[in-house]
Number of protein chains: 2
Amino acid sequence: MSDQHIASAFDRDLEGVQAQIMKMGGLVEDAIRLSAQSLETRDADLAEKVRTADKSIDALEQLINEQAARVIALRAPTAIDLRLVLSVIKISANLERIGDYAKNMAKRTHVLSQIPPVNDSAGAIRRMARSVEAMLKDALDAYIQRDADLAMDVIARDEDVDQMYNALFRQFLTYMMEDQGNITACMHLHFIAKNTERMGDHVTSIAEQTVYLVTGEHPEEDRPKADKTSNVAKG
Amino acid sequence: MSDQHIASAFDRDLEGVQAQIMKMGGLVEDAIRLSAQSLETRDADLAEKVRTADKSIDALEQLINEQAARVIALRAPTAIDLRLVLSVIKISANLERIGDYAKNMAKRTHVLSQIPPVNDSAGAIRRMARSVEAMLKDALDAYIQRDADLAMDVIARDEDVDQMYNALFRQFLTYMMEDQGNITACMHLHFIAKNTERMGDHVTSIAEQTVYLVTGEHPEEDRPKADKTSNVAKG
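As the structure is a computational prediction, the values presented were derived from the model and not from experiment.

Engineer: Lay out the overall build of chain A in plain terms, naming residues and giving numbers.
Structural biologist: Scanning chain A for helices and strands turns up 7 helices and 0 strands. Along chain A, helices (α) and strands (β) appear in the sequence α-α-α-α-α-α-α when read from the amino end. When burial is assessed residue by residue, chain A has 53% of its 235 residues classed as buried. In chain A, 85% of the contacts between residues at least 6 apart in sequence involve partners at least 24 apart. About 9900 Å² of surface is accessible on chain A, with carbon and sulfur atoms providing 49% of the total. The positive charge centre, built from 28 side chains, and the negative charge centre, built from 38, are 5 Å apart in chain A.

And the structure:
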């Protein structure tokens, strides 16, 4: 077998496992969108669909891990090829976490639909989720196309998501102070908003993997940390 | 070079990278303990120490990733040997996340020390953190000794941590309803309690890795999910 053959067998294997990543990414994008939608429209059936779909996401992560291990064992890749296979493991772990957060959001649809809505909070969370979904789409495109510029753009956009979360945190404090009937709903909504902000962090982590793959440098150092709520002493 | 030589070179490499995991684990155990202590004693200097130490934890994760990739590239391990090296990458990622949560807890020491304490909430969080720290110690011991029974024991103990979180969630709701002067503090404390509960989830994930390494089976399916707060409609 010539080097040529070995190289293309590896490429074929890698393409196979990357196709699974894109499939998993598509399911996670749906989960983000549908969980936020179920929250806003108080749709218990849709929430249940998100919870069921999470099992497929988890199964895909396991499959991707096994495929990646098999590629390493069979092809013994080194240098950039090895980095590529290892990135698949990292990215699928990030996708699995995002799917978990979406599932947790869907789980709270039931309790929140039993109590009065708090202004447009569910709408604000849905808009935040939409930003994260768009970031994820671009992060996966950047990964497949090895586009470091697009990946850096995704990293920069995470700051907008952080700002949306900061604004919500302050609003929740205000709503709770104004009317203690809002307290329970706001505790759940805060939880969901924070999870959505964390989804953005995991998308950022996928984008950082891409920058590392393309440039060989970790970009984390330059990222501003825009969750400022640890300093909020009053609403 | 005989097979014997290759095997022992691999074992030496693996021991080296596992020693880094234990070093990282020790730093993360300290971070859990000291962040909770800084919160309870309102000690800003100690909180600052935790934040500084997190940089060493992050640097160790990067080092472990590079060492693991080097072992794979040099030794081309397969089967169980490959699984062992890949587990190192997964476990260091879990340790890094736990360190991040501890850093986030420490960050909130400042704002919480400016407002009145809410009963013994900080003490309750410290006790919860102590449980997680003990679980982490055992999870790492189970990993190094390939002790699936100890790892299963760690997984079971995560339910206690979840129960502690559930109890705190209800208490926070009650405190906020009783006195709206507690709202800001309770929002921060809830955030910290939830992060501590998540630390437990990451420790559980380390224990699950060990079970998988030893038995070849994923234990997740049997794990009860004991965060019941998604159903709490009132405090």
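Engineer: Quick rundown of the relation of the copies chain A and chain B? Include the residues and the values.
Structural biologist: Least-squares fitting of chain A to chain B yields an RMSD of 0.0 Å, with the transformation described by 0.0 Å of translation along the axis and a rotation of 180°. With respect to symmetry, the two chain copies, as superposed, fit the operation of a two-fold axis. By C-alpha distance to the rotation axis, the residue of chain A lying nearest is Ala76 of chain A, at 2.7 Å.

Engineer: Explain the UniProt feature "domain: PhoU" (unreviewed entry) in chain A residue by residue, including any values.
Structural biologist: Residue and element names in this part refer to chain A. Mapped onto the present numbering, the UniProt feature "domain: PhoU" (unreviewed entry) falls at residues 21–109 and 125–209. With 93% helix and 0% strand, residues 21–109 has its two end C-alpha atoms placed 28 Å apart. In residues 125–209, helix accounts for 93% and strand for 0%; the two terminal C-alpha atoms are 27 Å from one another.

Engineer: Let's hear about the packing of helix H7 (residues 183–215) of chain A against helix H7 (residues 183–215) of chain B: which residues, and what values?
Structural biologist: Orientation of H7 of chain A relative to H7 of chain B, taken along the N-to-C sense of each, is 50°, at an axis distance of 11 Å. When the axes of H7 of chain A and H7 of chain B are compared, the pair comes out oblique. Note that H7 of chain A runs across H7 of chain B; the crossing there is right-handed. Here H7 of chain A contributes Ile183, Met187, His190, Phe191, Lys194, Asn195 and Arg198 of chain A to the contact with H7 of chain B, which in turn contributes Ile183, Met187, His190, Phe191, Lys194, Asn195 and Arg198 of chain B. Residue composition of the contact of H7 of chain A with H7 of chain B, grouped by class: 6 nonpolar, 4 polar and 4 charged.

Engineer: Got a sec to walk through the layout of surface pockets? Specific residues and values, please.
Structural biologist: Residue and element names in this part refer to chain A. Reported here for the second largest pocket is a volume of approximately 190 Å³. Around the second largest pocket sit 17 residues that line it, and Leu39, Arg42, Pro117, Val118 and Ala122 are the ones nearest its centre. The class makeup of the residues in the lining of the second largest pocket is 8 nonpolar, 6 polar and 3 charged.

Engineer: Help me get a handle on the pattern of salt bridges, residues and values and all.
Structural biologist: According to the stated counting rule, one finds 26 salt bridges over all chains in the structure shown. Measuring nitrogen to oxygen at the nearest pair gives 3.1 Å for the salt bridge that ties Arg157 of chain A to Asp153 of chain A. Note that Arg157 of chain A and Asp153 of chain A are positioned in helix H6 (residues 148–178) at a spacing of 4 residues, about one turn of the helix. Where Arg33 of chain B meets Glu133 of chain B, a salt bridge forms, and the shortest distance between an N and an O atom there is 2.7 Å. Remark: Glu133 of chain B occurs in helix H5 (residues 121–145) and Arg33 of chain B occurs in helix H1 (residues 3–41); sequence separation between them is 100 residues. A relative accessible area of 13% means that Glu133 of chain B is categorised as buried. Taken together, the salt bridges that share partners define one network made up of Asp54, Arg97, Asp100 and Lys103 of chain A.

Engineer: Can you lay out the interface of chain A and chain B for me, pointing to particular residues and giving the numbers?
Structural biologist: If you look at the interface, chain A gives 46 residues, while chain B gives 47 residues. Interface area lost by chain A to chain B is led by Met187, Arg198 and Ser230 of chain A, which between them contribute 16%. The tally of links from chain A across to chain B stands at 2 salt bridges. Lys90 of chain B serves as the salt-bridge partner of Glu61 of chain A, at 3.7 Å between the closest nitrogen and oxygen. Our count for the contact surface shared by chain A and chain B stands at 5 residue pairs in polar contact (both at pLDDT 80 or more). Listed by contribution, the elements that provide at least two residues to the side of chain A that touches chain B are helix H2 (44–75), helix H3 (79–107), H6 and H7 of chain A. By residue number, the principal contributor to the side of chain A that touches chain B is H7 of chain A, which donates 9 residues. Its residues assigned to classes, the side of chain A that touches chain B shows 22 nonpolar, 14 polar and 10 charged.

Engineer: Describe empty space enclosed by the protein, naming the residues involved and giving the relevant values.
Structural biologist: Rolled over the atoms, a probe as big as a water molecule pinpoints where empty space is left. Evaluated as defined, the whole model comprises 1 cavity of 30 Å³ or more. Here the largest cavity is characterised by a volume of approximately 70 Å³. Lining the largest cavity are His190, Phe191, Lys194, Asn195 and Arg198 of chain A together with His190, Phe191, Lys194, Asn195 and Arg198 of chain B. Elements with a contribution of two residues or more to the lining of the largest cavity: H7 of chain A together with H7 of chain B.

Engineer: Provide a residue-level description of the packing of aromatic side chains, including the pertinent values.
Structural biologist: All names here are of chain A. Under the defined criterion, the tally for this structure stands at 2 aromatic pairs over all chains. Ring centres of Tyr165 and Phe169 lie 6.2 Å apart, and the angle between their planes is 50°; this geometry places the pair in the tilted category. Of the two residues, Tyr165 and Phe169 are both situated in helix H6; the distance of 4 residues between them amounts to about one turn of the helix. Pair check on accessibility: Tyr165 and Phe169 agree, each one buried. It is Arg146 that lies over the ring of Tyr143; its NZ or CZ is 5.1 Å from the centre.

Engineer: Tell me about the environment of Gly216 of chain B, and please be specific about residues and values.
Structural biologist: Residues and elements named next belong to chain B. Mapping Gly216 onto the fold places it in the segment after H7. Separated by 133 residues in the primary sequence, Gly216 and Arg83 have C-alpha atoms spaced 9.8 Å apart. What Gly216 contacts, discounting residues up to four positions off in sequence, is Arg83 and Val211.

Engineer: Give a detailed account of the environment of Ala151 of chain A, specifying residues and quantitative values.
Structural biologist: Residue and element names in this part refer to chain A. Here Ala151 lies in helix H6. With 57 residues separating them in the primary sequence, Ala151 and Glu208 have C-alpha atoms 7.0 Å apart. Residues in contact with Ala151, not counting those within four places in the same chain, are Ala142, Ala207, Thr210 and Val211.

What counts, and at which threshold
Residues numbered from 1 in each chain as written. Chains lettered and ligands numbered in written order. Predicted model: local features only at pLDDT ≥ 70, side-chain atom pairs only at ≥ 80, totals over all residues. Heavy atoms only, no water. Helix = DSSP H or I, 4+ residues; strand = E, 2+ residues; numbered from the N terminus. Buried < 20%, exposed > 50% of the residue type's maximum accessible area, 1.4 Å probe, protein only. Contact = heavy atoms within 4.5 Å. Areas by Shrake-Rupley, 256 points an atom, 1.4 Å probe, with all protein chains shown as cover. Lys, Arg positive; Asp, Glu negative; His and termini not counted. Charge placed at Lys NZ, Arg CZ, Asp CG, Glu CD. Least-squares fit on C-alpha atoms with pLDDT ≥ 70 in both. UniProt positions renumbered as here; feature names shortened; annotations may be inferred. Axes fitted to C-alpha atoms, helices over the stretch in contact; angles between N-to-C directions. Parallel < 35°, antiparallel > 145°, perpendicular 65-115°, else oblique. Left-handed = near helix turned anticlockwise from the far one by under 90°. Nonpolar A, V, L, I, M, F, W, Y, C, P; charged D, E, K, R; others polar. 1 Å grid on protein atoms, 1.4 Å probe; cavity = no way out; pocket = protein on both sides within 12 Å on 5 of 7 lines; lining within 4 Å. Points joined across faces, edges and corners; volume = space filled by probe spheres on them. Salt bridge = Lys/Arg side-chain N within 4 Å of Asp/Glu carboxyl O. Buried area = accessible area lost by both parts, 1.4 Å probe. Polar contact = N/O pair within 3.5 Å; in protein donor to acceptor, adjacent residues only side chain to side chain. Phe/Tyr/Trp six-rings, centres within 6.5 Å; stacked < 30°, edge-to-face > 60°. Lys NZ or Arg CZ within 6 Å of the ring centre and 35° of its normal.

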